[in-house]
Amino acid sequence: MVCEIPKLFGTSGIRGKIGSDITLEVAVNVGMAIATYAGGKGSKIVLGYDSRTSNVMIENAVTAGILQCGCTVLKLGMAPTPLVGYATMKLKADAGVMITASHNPPEYNGIKLWNPDGMAYRQDQERVIEEIIHNKNFNTVTWEDIGKIEEVEYVVSEYIKDLLDQSDVKPGIKVVVDCANGAASYLSPLILRKAGCSVLAINAQPDGFFPGRLPEPSGKNLQELMKVVKATKADIGIAHDGDADRMIAIDEKGRMADFDKLLAIVSREIGGKVVTTVDASLCTDKCMEEVGGVVIRTKVGDVHVAESIEEHNAQFGGEPSGTWLHPNFCMCPDGILSAIRVIELVQKYGPLSKQLDAVPSYPTIRDKVDCEDQQKELIMKSVEEKLHIILDDVVNVNRIDGVRITMADGSWVLIRPSGTESYIRITLEATSNEKAHMIRDQCSEFIKELL
Ligand code: MG
C-alpha cells in the first residue's frame, strides 16, 4: 500500500490561516524537522519574522523545536525576508527560517526555509522536510544537549553596509516609500535615506492589523501612495509587500508601473543573461534584444528563478510580481535592493513615466477552457506533442511549466492546467490584436476538439 505523505508546502513555503493551517504543532514540527535536516546537534539556524500578530507565538514554537534538536537559534527578531536570506549566508548558518505570509491578509501566516547560500528551499528539499515530519524522524537530544538562543541583531548593520556598497544612488532624489506596516517598515526608509534619497515614509510602523493598507502591493491597495507621490511632487514611489522581498514602483505622475515593463527596463540596464518566468511579457525580450542580452524562461515561482540563475550563471532574475533576485548580492529576493535599482534608473535616464511609456506594449489575452481534472493530463500531453504543428512560424516549444510556444516575431502562448480549478488556461501575447485573437482561437479550438 502506498502511503501518500501530506503536502505542507505550497508555491512559497508553508502558508495558511493561523489556528487552522498554521498551528503551534506545525511550527514545532517544522522547527524540529529543519534542525534535523540542517545537520542536527550543533547546527545554527537563523530565525526571523514579519509584522503579523502571530509572529512571536510562531517564533517561539519554531524555536522550541530547534532547541529540542540541540541546535542554536540565531535570533533576528522582526526582519524583512531578504535580511533572513542574507543573514543565513553572512553568518554561515546551516539554514534560515522566515515566519511570514508575504502579501496575504492579516489572518494568515507561513514559514519559509532558506539554504546556507541565501536561496529558498527547493521542492525536493521541502519534500524531505515533509517526510521527516510525517515519519516523526526528528533528531531530538537529551537534557544536556538542548540548544541555545543567540541574538544576532548585529548583522543588520552589515546588511545595511553591504546593500549601500551595491548602490549608485546619488543624493537629491525624492522618494515616497510605502512599507505596508510590514517587516521593512524601519529598514527600507532608513537604507534609502542612507543611500542619499530624500525619503517620505508612509505605513512605516510595523502593525499586524495592517491599518494603513493590506500587504499585497496591488493597484487597489496603493491608492494612497499614488496620491502622496503626486501631491508631494516626488520623483518616484516605492511599495513593498509585507515581508519586502517584493516591490513595485509608482511613477512621478502617480501611476503604478506595469510590472512587466519595470522588469524589462531593469533587465535591459543589467544586460547579459536574465531569468524570468514563462508567463512574463515579451517586452523583456524586446528590451534585452536592444543590448544583445539573453532571456531565459523558467517555471513560475521565485525559487525556480533562483535555481535557473545558478544553473545559467545569470546576472539578474525576476518574476513580473516584483520579486527580483540580485545574485551578486544574495540568492534571496530583495525588495529594498530592487528599489535601489529602479531609483538608479530614474537618476540616470530621467522620469520613470517616460522610460516605461517607451517600452512597447503588446496585446495580451488570458482565456480558459473548461476541463475536468482527470482529463487535464491527457489534454496537456496532446498540447505538448501537437499544438506547435498547427501554429505558424513556431521557433521554440518550452515544456518547463505547461507548454509555452514562441513564434518568430516573439508572439507566444502558454497553456497550463489550473492547479486549483477545472480549467486549462491559455495566456498569450502577440505583436498585433488580430494575431492575438487568431492564436487564441486556434488554441482553444485545438483543446476543445480533444475534449
Ligand atoms: Mg513577499
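Before going into details, it helps to say that this report is about the structure given with it. Please read these numbers as outputs of a predicted model, since none were measured by experiment.

**Digging into the overall build of the protein**
Turning to step 1, where the next piece is worked out: If you tally the helices and strands in the protein, you get 14 helices and 19 strands.
Turning to step 2, where the next piece is worked out: Its C-alpha atoms give the protein a radius of gyration of 23 Å, within 12% of the compact-globule value 22 Å for 451 residues.
Turning to step 3, where the next piece is worked out: With the principal axes as the frame, the protein shows a C-alpha extent of 70 × 65 × 40 Å.
Turning to step 4, where the next piece is worked out: Counting every position in the protein, which comprises 451 residues, the buried fraction comes to 57%.
Turning to step 5, where the next piece is worked out: Across the protein, the fraction of contacts at a sequence separation of at least 24, relative to all contacts at a separation of at least 6, is 68%.
Turning to step 6, where the next piece is worked out: In the form shown here, the protein has an accessible surface area of approximately 18900 Å², with 50% of it arising from carbon and sulfur atoms.

**Some points on the nonpolar core**
Turning to step 1, where the next piece is worked out: Counting residues in each nonpolar core, the largest one holds 80 residues, and the members touching the most others are Leu76, Tyr159, Ile236, Leu262, Val342 and Leu352.
Turning to step 2, where the next piece is worked out: The leading source of residues in this core is helix H11 (residues 335-349), at eight residues.
Turning to step 3, where the next piece is worked out: For this core, the domains that each give at least three residues are domain 1 (14-153) and domain 2 (166-357).
Turning to step 4, where the next piece is worked out: Ignoring sequence-local partners within four residues, the contact set of Leu76 consists of Val46, Leu47, Gly48, Leu83, Val84, Ala87, Val152, Glu153 and Val155.
Turning to step 5, where the next piece is worked out: Counting residues in hydrophobic clusters, the runner-up holds 32 residues, among them Ile45, Leu67, Ile129 and Ile133.

**Focus on the coordination of the magnesium ion**
Turning to step 1, where the next piece is worked out: Every protein donor of the magnesium ion is listed here as Ser102 (OG), Asp241 (OD), Asp243 (OD) and Asp245 (OD), and their distances to the metal cover 2.0 to 2.2 Å.
Turning to step 2, where the next piece is worked out: All donors of the magnesium ion come from a single chain, and their spacing in sequence reads S-x138-D-x1-D-x1-D. Remark: Asp243 occurs in the loop between strand E9 (236-240) and strand E10 (247-250) and Ser102 occurs in the loop between strand E4 (95-99) and strand E5 (108-114); sequence separation between them is 141 residues. The pair Ser102 / Asp243 is uniform in exposure class, with both members buried.

**With respect to helix H5 (residues 155-166)**
Turning to step 1, where the next piece is worked out: Counted at 1.5 Å a residue, the expected span for H5 with its 12 residues is 16 Å, and the 17 Å between its end C-alpha atoms agrees.
Turning to step 2, where the next piece is worked out: The inward-facing, buried residues of H5 abut strand E3 (72-78), helix H3 (81-90), helix H6 (187-194) and H11.

**A short note on the pairing of strand E11 (residues 273-277)**
Turning to step 1, where the next piece is worked out: For E11, the buried fraction is high: four of the five residues fall into the buried class.
Turning to step 2, where the next piece is worked out: Direction of pairing for E11 relative to strand E12 (residues 294-298): parallel, over a ladder of five bridges. Paired with Thr277 across the strands is Thr298, a residue of E12.
Turning to step 3, where the next piece is worked out: Between the parallel elements E11 and E12, the chain passes through helix H9 (residues 282-290) in a crossover that is right-handed.
Turning to step 4, where the next piece is worked out: Relative to strand E13 (residues 316-318), E11 is paired through three bridges, and the arrangement is parallel. Bridge pairing in E13 links Val274 to Phe316.

Thresholds, definitions, all that
Sequence order sets the numbering: in each chain, residues are counted from 1 along the sequence as written. The predicted origin of the model limits local features to residues at a pLDDT of at least 70 and limits the giving and counting of side-chain atom pairs to 80 or more, whereas totals for whole chains, interfaces and linings rest on all residues. Only hydrogens and water are set aside when side-chain values are computed; all heavy atoms of the structure are taken into account. We count a stretch as a helix when DSSP gives it H or I for four or more residues in a row; a strand needs E for two or more, and each element gets its number in order from the N terminus. Computation of the radius of gyration draws on C-alpha atoms alone. For the globule rule, the value is 2.2 Å times the number of residues to the power 0.38. Each residue's exposure class comes from its accessible area (1.4 Å probe, protein chains only) as a fraction of the maximum for that residue type: buried when under 20%, exposed when over 50%, partly exposed otherwise. Whether two residues are in contact is decided by their heavy atoms: any pair within 4.5 Å suffices. Accessibility throughout is a Shrake-Rupley quantity obtained with a 1.4 Å probe, and a residue counts as covered only by protein chains that appear here. The set of buried Ala, Val, Leu, Ile, Met, Phe, Trp, Tyr and Cys residues whose side-chain atoms join them within 4.5 Å is what this entry labels a nonpolar core. Domain limits in this description derive from either an automatic procedure or a database domain assignment. Metal coordination here is assigned from N, O and S atoms located within 2.8 Å of the ion, or within 3.2 Å for Na, K and Ca; omission of water means that sites may look incomplete. A helix is expected to span 1.5 Å multiplied by its residue count minus one. By the convention used here, strands pair only if DSSP detects at least 2 bridges between them. Look down the strands so they point away from you; if going from the first strand over the helix to the second traces a clockwise path, that crossover is right-handed.

All quantities given are derived from atomic positions and should not be read as evidence of function.
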